[in-house]
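Close look at the chain arrangement
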Amino acid sequence: MKKIILTALSIIAFVSCQSDDSYENLNRDPKNPSEVNSEFLFNSASKSLVNQMTSTNVNTNIFRMLGQHWTETTYVDEANYDFNTRNITNAHWSEMYRDVLLDLSIAKATVDANNRLTAASKASRNAQIEILSVYAWANLVETFGDIPYTQALKGTDNPNPEYDDAATIYADLLTRLTAVIPNLTNDGFGESDPFYGGNVSAWKKFGNSLKLRMGIRIVDAPGMSTMAQAAITSAVSGGVFTSNADNTSLPYSTTPPNTNPVWVDLVQTGRSDFVPANTLVDFMNNVSDPRRPFYFQENLGAGIYDGGPYGDNNSYSSYTHIGEIMEMADNPACLMDFAEVSFYLADAAERAISGTPAQAAGFYNAGITASFNYWGAPDVATYLLNPDVAYATAPGDWKVKIGNQLWLAMYNRGFEAWTAYRTYDIPGFNVAAISELPVPTRYTYPISEQNLNVTNYDAASSAIGGDTQTTQLFWDVN
């Protein structure tokens with residue numbers, strides 16, 4: 001752990017020495033990487049990816065609100081799905097392209113050019129880079145739909161790239177992921193690896209778990225069922241997560257600037273901008289969920305939890321506060337975890353792709369148990385017997401049952417909570433109180449693309465059925 005934190009500190013020292021112009025510049029030439037160690041670039045991209053997916057800064061992303069786990073107090077534009085005042089979509093777009101994918105592509109070029117590395121070390125390092133790259137590309141597709149892909153990251157060679165079809169990109173990503181997992185033969189980045197410290201077995205599980213997620217995501221998409229089933233079967237046979245010890249987790253420290261970004265927004269700023277949303281709190285109250293004192297504080301009294309009406313101007317003092325665990329500076333953050341994987345296995349079992357429908361309940365229970373264990377919550381056995389929770393008796397069809405519990409388990413992972421809503425069509429989400437808008441099904445394209453890449457933006461907007469918040473992406477079929 002000390003070595004990982006020292007590496008992270010080194011990254012920050014390195015990044016802080018760069019001028020704003022040099023790091024903001026999207027026109028860096030990936031064909032001629034500067035003299036930067038691949039370890040620094042890999043760590044920098046990893047930290048940027050986790051920070052972006054974890055942050056709750058409304059200038060960065062609003063996934064926790066799209067998933068209706070949290071809502072706002074004084075300033076409520078984002079909870080009412082105003083994407084443009086703070087240019088939120090551009091923040092996610094540029095962070096993923098510039099600080100994640102571009103750095104990873106340069107890291108790969110640096111690995112390839114390093115004659116001191118063995119062929120096996122190059123292959124393993126590039127496999128780790130590729131898995132994170134696929135993760136980031138898939139996220140962009142799942143967020144926006146059609147995006148620049150084959151012509152992206154080329155700098156001045158192509159400053160206005162065309163957009164590729166989202167389904168075609170996703171299929172290619174699955175091919176890339178399947179091809180690269182067998183290349184994990186040694187520790188790759190070794191102790192410089194911030195997730196697993198070079199544990200090759202753990203990286204294989206991460207790669208296969210990501211493939212399982214992607215297969216589940218597209219299994220209902222038109223014309224993609226066969227590909228999705230093959231990906232799911234291959235992932236499970238290759239070995240996915242089997243416990244919370246496998247989670248793709250990034251540690252943080254108690255010392256800035258290596259603290260969890262949620263701590264920065266909730267504690268360091270001294271602000272009171274968020275409260276848990278009534279969407280989440282009401283659901284958990286209805287099933288007497290024992291995770292409530294871990295997700296929330298009991299500032300209103302012992303055992304009392306009251307969420308702020310979603311999208312409304314909420315008084316911070318009048319509603320339940322976000323839990324103390326979320327206010328820990330060194331609270332780790334996950335890109336994937338065992339609970340999520342377990343629910344996908346339940347989905348695959350219901351479809352008889354991997355397992356049988358009779359096995360779905362076991363995977364469902366494992367997902368709930370993994371979430372309880374992660375948060376340190378007690379009484380999971382009693383919770384599983386609750387008629388509103390038990391797989392045999394919980395309300396809704398199997399998709400709703402799995403979707404509800406996946407959504408609850410993704411409390412600290414706003415993007416996956418929102419995506420659970422989109423994937424499983426979870427009922428019970430609220431219309432935003434002030435704007436009266438429904439939950440978005442995608443981010444709209446950044447304003448910068450509308451202004452600077454006009455022709456390709458127009459073509460992409462037309463191809464997906466319109467650049468609106470409620471345009472359904474290719475995999476969101478219901």
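Residues numbered from 1 in each chain as written. Predicted model: local features only at pLDDT ≥ 70, side-chain atom pairs only at ≥ 80, totals over all residues. Heavy atoms only, no water.

**Quick look at the overall build of the protein**
Within the protein, the secondary structure is distributed over 19 helices and six strands. What you see for the protein is a C-alpha radius of gyration of 21 Å, in line with the 23 Å of a compact globule of 478 residues. In terms of overall dimensions, the protein has a C-alpha envelope of 60 × 50 × 50 Å along the principal axes. Within the protein, the proportion of its 478 residues that are buried is 59%. Within the protein, counting contacts between residues at least 6 apart in sequence, those at least 24 apart form 74% of the total. With the model as given, the accessible surface of the protein reaches about 17,900 Å², and the carbon-plus-sulfur share is 51%. For the protein, the distance from the average site of its 28 positive side-chain charges to the average site of its 51 negative ones is 8 Å. (Helix = DSSP H or I, 4+ residues; strand = E, 2+ residues; numbered from the N terminus. Rg over C-alpha atoms; globule rule 2.2 N^0.38 Å. Buried < 20%, exposed > 50% of the residue type's maximum accessible area, 1.4 Å probe, protein only. Contact = heavy atoms within 4.5 Å. Areas by Shrake-Rupley, 256 points an atom, 1.4 Å probe, with all protein chains shown as cover. Lys, Arg positive; Asp, Glu negative; His and termini not counted. Charge placed at Lys NZ, Arg CZ, Asp CG, Glu CD.)

**A word on the confidence of the model for the protein**
Averaged over all residues, the pLDDT of the protein equals 93, while 93% of them reach at least 70. Counting contacts from residues 1–27, a segment whose pLDDT is below 50, to residues more than four positions away or on other chains yields 34 contacts. A low-confidence stretch, residues 30–34 stays under pLDDT 50, and its non-local contacts, those more than four residues away or across chains, total eight contacts. (pLDDT = per-residue confidence, 0-100.)

**Here we look at unusual backbone geometry**
Leave glycine aside and you will find that most residues have negative phi; peptide bonds, for their part, are mostly trans. With omega at 10 degrees, the peptide bond leading from Pro256 into Pro257 counts as cis. You can see Pro257 is positioned in the loop between strand 4 (248–250) and helix 10 (261–268). Backbone geometry places Leu153, a non-glycine residue, at a positive phi of 65 degrees. A positive phi angle is found at Ala352, which is not glycine, with a value near 60 degrees.

**Examining the packing of helix 3 (residues 38–54) against helix 5 (residues 88–113)**
Contact geometry for helix 3 and helix 5: axes closest at 8 Å, N-to-C directions at 160 degrees. Here helix 3 is positioned roughly antiparallel relative to helix 5, judged by the angle of their axes. Here helix 3 runs over helix 5; the crossing is left-handed. Each of Ser38, Leu41, Phe42, Ser44, Ala45, Ser48, Leu49, Gln52 and Met53 in helix 3 lies in contact with helix 5, whose residues at this interface are His92, Glu95, Met96, Asp99, Val100, Asp103, Leu104, Ile106, Ala107, Thr110 and Val111. When its residues are assigned to classes, the contact of helix 3 with helix 5 shows 11 nonpolar, six polar and three charged. (Axes fitted to C-alpha atoms, helices over the stretch in contact; angles between N-to-C directions. Parallel < 35°, antiparallel > 145°, perpendicular 65-115°, else oblique. Left-handed = near helix turned anticlockwise from the far one by under 90°. Nonpolar A, V, L, I, M, F, W, Y, C, P; charged D, E, K, R; others polar.)

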